[in-house]
Amino acid sequence: MTVATTRTGQGGVDAPVTPPKIVRQRRVRPGLLGLAVLLIALGGLGSAFAVTSVRATGSYLAVARDVSVGTVLSADDLVTVQVAGGQAIKPVPASQLDQVVGLRAAVALVPGSLLTPAQLTNEPMIGPDQQQIAVGLRADQVPARQLNPGDKLILVGTPTRNASENAVTRFDATVIDVAADDRSGVIAYLALAARDVPAVVVLAAEDRIAVVLAPAA
């Protein structure tokens, strides 16, 4: 124990004095310091990612039911969904519903998929060198349970009894639309090459057309 002497007045008094405490500095391990910095940085990145995800959430248009190629879209074909981070595929915003309704499906649309501008078109299904005709088909002439816009057909002109087999002709056609017929058949609205229209009209009038569904491309 250290003794210090102090004087008060005339006399001297010896009194014990507590020595000062020595505070040792703690050594910080470099590894722990680096780990702390890394955790702080990761926390900041996580917060930034969360904020970005929240800000990226938006309302977009999705397909509500099957839509065939060439079909004119209606509001019932679409539904609004909330999607986070949808900018990567650039879906159509829900605010553009009015601009989308009335456009045609450029491809077959599947329920549950987001709608993108590449899937839409305002171009007619008829090409520059084509014309549209209506052909009435009986139920036994329709090559599938259901014809859809965009289906490719092969129209085969059946020969007459006196004609040779070489007289058989064929024409390529694309279905534009289909309507029910009162005779339990259908009326197929077809796009044909303009040069083939006269021959197909004659064959249809003579009931000498066989319809074949071409394989999908």
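J.: So what about the side chain of D77? Which residues, and what values?
T.: With respect to the helices and strands, the residue D77 is situated in the loop between β3 (58-63) and β4 (78-83). A distance of 2.9 Å separates a polar atom in the side chain of D77 from the backbone nitrogen of S74. Here D77 is in contact with A62, V63, A64, R65, V67 and V72, once residues within four sequence places are set aside.

J.: Talk me through the environment of V201; I want residue IDs and the actual numbers.
T.: Assignment of secondary structure puts V201 in helix α3 (residues 197-205). Placed 67 residues apart in sequence, V201 and A134 show a C-alpha to C-alpha distance of 9.0 Å.

J.: Mind laying out the pattern of salt bridges, listing which residues take part and the relevant values?
T.: Applying the stated criterion across every chain, the model contains six salt bridges. Where R195 meets D196, a salt bridge forms, and the shortest distance between an N and an O atom there is 4.0 Å. A relative accessible area of 14% places D196 in the buried class. One salt bridge in this structure joins E206 and R208, with 2.8 Å as the shortest N-O distance. Overall, the relative accessible area of 43% leaves E206 in the partly exposed class.

J.: I'd like a rundown of the sheet that holds strand β11 (residues 209-213), residues and numbers included.
T.: On the basis of which strands lie adjacent, the open sheet formed by five strands has the order β7-β10-β9-β8-β11 and antiparallel pairing. The outermost strands of the open sheet, each flanked by one partner alone, are β7 (130-137) and β11. Adjacent strand axes in the sheet meet at a mean angle of 40° when their direction is disregarded. Looking at chain direction, strand β8 (residues 152-157) and strand β9 (residues 169-180) are connected through six bridges and run antiparallel. When the bridges of β9 are listed, I154 appears paired with D172.

How each quantity is defined
- Residues numbered from 1 in each chain as written.
- Predicted model: local features only at pLDDT ≥ 70, side-chain atom pairs only at ≥ 80, totals over all residues.
- Heavy atoms only, no water.
- Helix = DSSP H or I, 4+ residues; strand = E, 2+ residues; numbered from the N terminus.
- Polar contact = N/O pair within 3.5 Å; in protein donor to acceptor, adjacent residues only side chain to side chain.
- Contact = heavy atoms within 4.5 Å.
- Salt bridge = Lys/Arg side-chain N within 4 Å of Asp/Glu carboxyl O.
- Buried < 20%, exposed > 50% of the residue type's maximum accessible area, 1.4 Å probe, protein only.
- Pairing = 2+ DSSP bridges.
- Axes fitted to C-alpha atoms, helices over the stretch in contact; angles between N-to-C directions.

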